[in-house]
Amino acid sequence: MILCAGEALIDMLPRTSTLGEDSYAPYAGGAVFNTAVALGRLGADVGFFSGFSEDFFGDLLKAKLAESHVDTSLAVTADRPCTVAFVKLVDGHATYAFYDENTAGRMLTEADLPALPDTVDALFCGGISLPVEPCGAAYEALFVEAAATHVTMMDPNIRPGFIRDEARYRARLEHMLAHADIVKLSDEDLIWLMGEDDIDAHIATLLDKGVKLVCLTMGADGVKGVTARGTTHVASTRVEVVDTVGAGDTFNAGLLAGLQRAGKLTKDAIAALDEDALRAALTLGAQAAAVTVSRAGANPPWQHELETLS
């Protein structure tokens, strides 16, 4: 099983009412939530750990995960509100206003962490659950503990406007990167994290720190996966973009699903990843992300939808 651990929230997406008024509609979302949903739709064995509200928004999130065959048995439910994010789209690109104080997801602590069952092969963390407390510390602890025996992947998905304690957040990311097998970043993430210098030099630094696979997503220019043995580039699938909500999250799912299918989700297999297996996983991630950006909101494809494209 691939366990995704991180935020689940309600995205309030801009819509037009039947009267022609600007309005917002609630959709289940969150970066890590989206990755779990996409994994389930791609047929992966996947679970999700987070803090859910007892309210109807929490019920909506659980129902959406169940619809996509995601196991939520390890999750925690609390009598607290749900995180809500209002989304603004400019030329298809999303910016967010978050409402997260004292929510069920935000207030998750290390005491809530589950013991990972033997069925878990890999742990995925990232998103807006990392820069905030106390849940950020909880996910950090889970990630570092799992790293000794499980494949670990992180996508920091850095949103500067959500960071209140930059020094603490940077320290957390550094600690987690030191225990990560796979890291996915955009070029914006990498520049924020490591500065304006050469991107390839930054990737080499991450590999020197012990990361086995660095994936750099480059929008229309595709994605490249870099290991100690070299670089594999996969072109993007050309589609008409509706919006980019959930694109990176879906890529993460495709990558992990591809590695799971190939039997590569072990520490040794990731450390010795061959180009064919890497290219196949990168391609699945890119194809799945292309479907997501071709329709509104974070709506990852089912496996049968990808089969019709091939």
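Shown above is the structure to which this text applies.
Since we're looking at a predicted model, the values are computed, not measured. (Residues numbered from 1 in each chain as written. Predicted model: local features only at pLDDT ≥ 70, side-chain atom pairs only at ≥ 80, totals over all residues. Heavy atoms only, no water.)

Quick notes on helix α4 (residues 166–177)
Stage number 1. Under the 1.5 Å per step criterion, the end-to-end length of α4 is 16 Å for twelve residues, consistent within 8% with the ideal 16 Å.
Stage number 2. Along α4, the residues classified as buried are Y169, R172, L173, M176 and L177. Looking down the long axis of α4, one finds its buried residues gathered within 130° of arc, a one-sided arrangement.
Stage number 3. Packing partners of the buried residues in α4 comprise β9 (122–126), α3 (135–146), β10 (151–155), β11 (182–186), α5 (187–194) and α6 (199–208). (Helix = DSSP H or I, 4+ residues; strand = E, 2+ residues; numbered from the N terminus. Expected span 1.5 Å × (residues − 1). Buried < 20%, exposed > 50% of the residue type's maximum accessible area, 1.4 Å probe, protein only. Arc of directions from axis to C-beta. Contact = heavy atoms within 4.5 Å.)

Regarding the packing of aromatic side chains
Stage number 1. One pass over the full model with this rule turns up eight aromatic pairs.
Stage number 2. Seen from their ring centres, F48 and F52 are 6.0 Å apart, and the 50° between their planes marks the pair as tilted.
Stage number 3. Residue classification places F48 among the buried positions, given a relative accessible area of 0%.
Stage number 4. Under the relative-accessibility criterion, F52 is labelled buried at 1%. (Phe/Tyr/Trp six-rings, centres within 6.5 Å; stacked < 30°, edge-to-face > 60°.)

A few points about the pattern of salt bridges
Proximity of charged atoms lets side chains of opposite charge pair with each other.
Stage number 1. Scanning all chains against the criterion turns up 15 salt bridges.
Stage number 2. Between E101 and R106 there is a salt bridge, and its shortest N-O distance comes to 3.6 Å.
Stage number 3. Since its relative accessible area comes to 57%, E101 is described here as exposed.
Stage number 4. R106 sits in the buried class, given a relative accessible area of 15%.
Stage number 5. A salt bridge links E275 to R279; the shortest N-O distance between them is 3.2 Å. On the criterion of helical spacing, the pair formed by E275 and R279 is a turn pair, its members being four residues apart in helix α9 (residues 275–293).
Stage number 6. Residue class for R279 comes out partly exposed when judged on its relative accessible area of 33%.
Stage number 7. In this structure, a network of salt bridges that share partners links the residues E133, E140, D165, R168 and R172. (Salt bridge = Lys/Arg side-chain N within 4 Å of Asp/Glu carboxyl O.)

Section: the pairing of β9
Stage number 1. In terms of residue burial, β9 counts as a mostly covered element, since five of its five residues are buried.
Stage number 2. Alternating residues of β9 divide into A122, F124 and G126 and L123 and C125, and every residue in both groups is buried.
Stage number 3. Sheet analysis places strand β1 (residues 2–5) next to β9, joined by four bridges and oriented parallel. The residue bridging C4 from the neighbouring strand is F124, located in β9.
Stage number 4. Sheet topology places β9 next to β10; five bridges connect them, and they run parallel. Each residue of the ladder has a partner; that of C125, found in β10, is M154.
Stage number 5. In this view, the connection linking β9 to its parallel neighbour β10 by way of α3 has right-handed handedness. (Pairing = 2+ DSSP bridges. Right-handed = clockwise from strand over helix to strand, strands pointing away.)

Considering the side chain of D100
Stage number 1. Note that D100 resides in the loop between β8 (93–99) and β9.
Stage number 2. Judged by its relative accessible area of 9%, D100 is buried.
Stage number 3. A polar contact of 2.5 Å, which involves the side chain of D100, links it to the side chain of T83.
Stage number 4. D100 has contacts with T83, R106, V132 and F162, leaving out every residue within four places of it along the chain. (Polar contact = N/O pair within 3.5 Å; in protein donor to acceptor, adjacent residues only side chain to side chain.)

A word on the sheet that holds strand β14 (residues 230–234)
Stage number 1. What the eight strands build is an open sheet, ordered β4-β1-β9-β10-β11-β12-β13-β14; its pairing is mixed. Strands with a single pairing partner mark the edges of an open sheet, and in this sheet they are β4 (46–49) and β14. Within the sheet, the average angular offset between the axes of one strand and its neighbour, ignoring direction, is 20°.
Stage number 2. Direction of pairing for strand β13 (residues 223–227) relative to β14: antiparallel, over a ladder of five bridges. Residue pairing for β14: K224 is matched across the bridge by H233. (Axes fitted to C-alpha atoms, helices over the stretch in contact; angles between N-to-C directions.)

A word on the environment of D200
Stage number 1. Following the sequence through the fold, D200 ends up in helix α6.
Stage number 2. Separated by 16 residues in the primary sequence, D200 and L216 place their C-alpha atoms 9.9 Å from one another.
Stage number 3. Looking at D200, its side chain comes within polar contact range of the side chain of K224, at 2.8 Å.

What to know about unusual backbone geometry
Stage number 1. In this structure, P134 follows E133 across a cis peptide bond, with omega equal to 0°.
Stage number 2. With respect to the helices and strands, P134 occurs in the loop between β9 and α3.
Stage number 3. A positive phi angle, near 65°, is found at H69, a position not held by glycine.
Stage number 4. In this fold, H69 is placed in the loop between α2 (56–67) and β6 (76–78).
Stage number 5. Even without being a glycine, N102 presents a positive backbone phi close to 60°.
Stage number 6. Given a relative accessible area of 44%, N102 falls into the partly exposed group.

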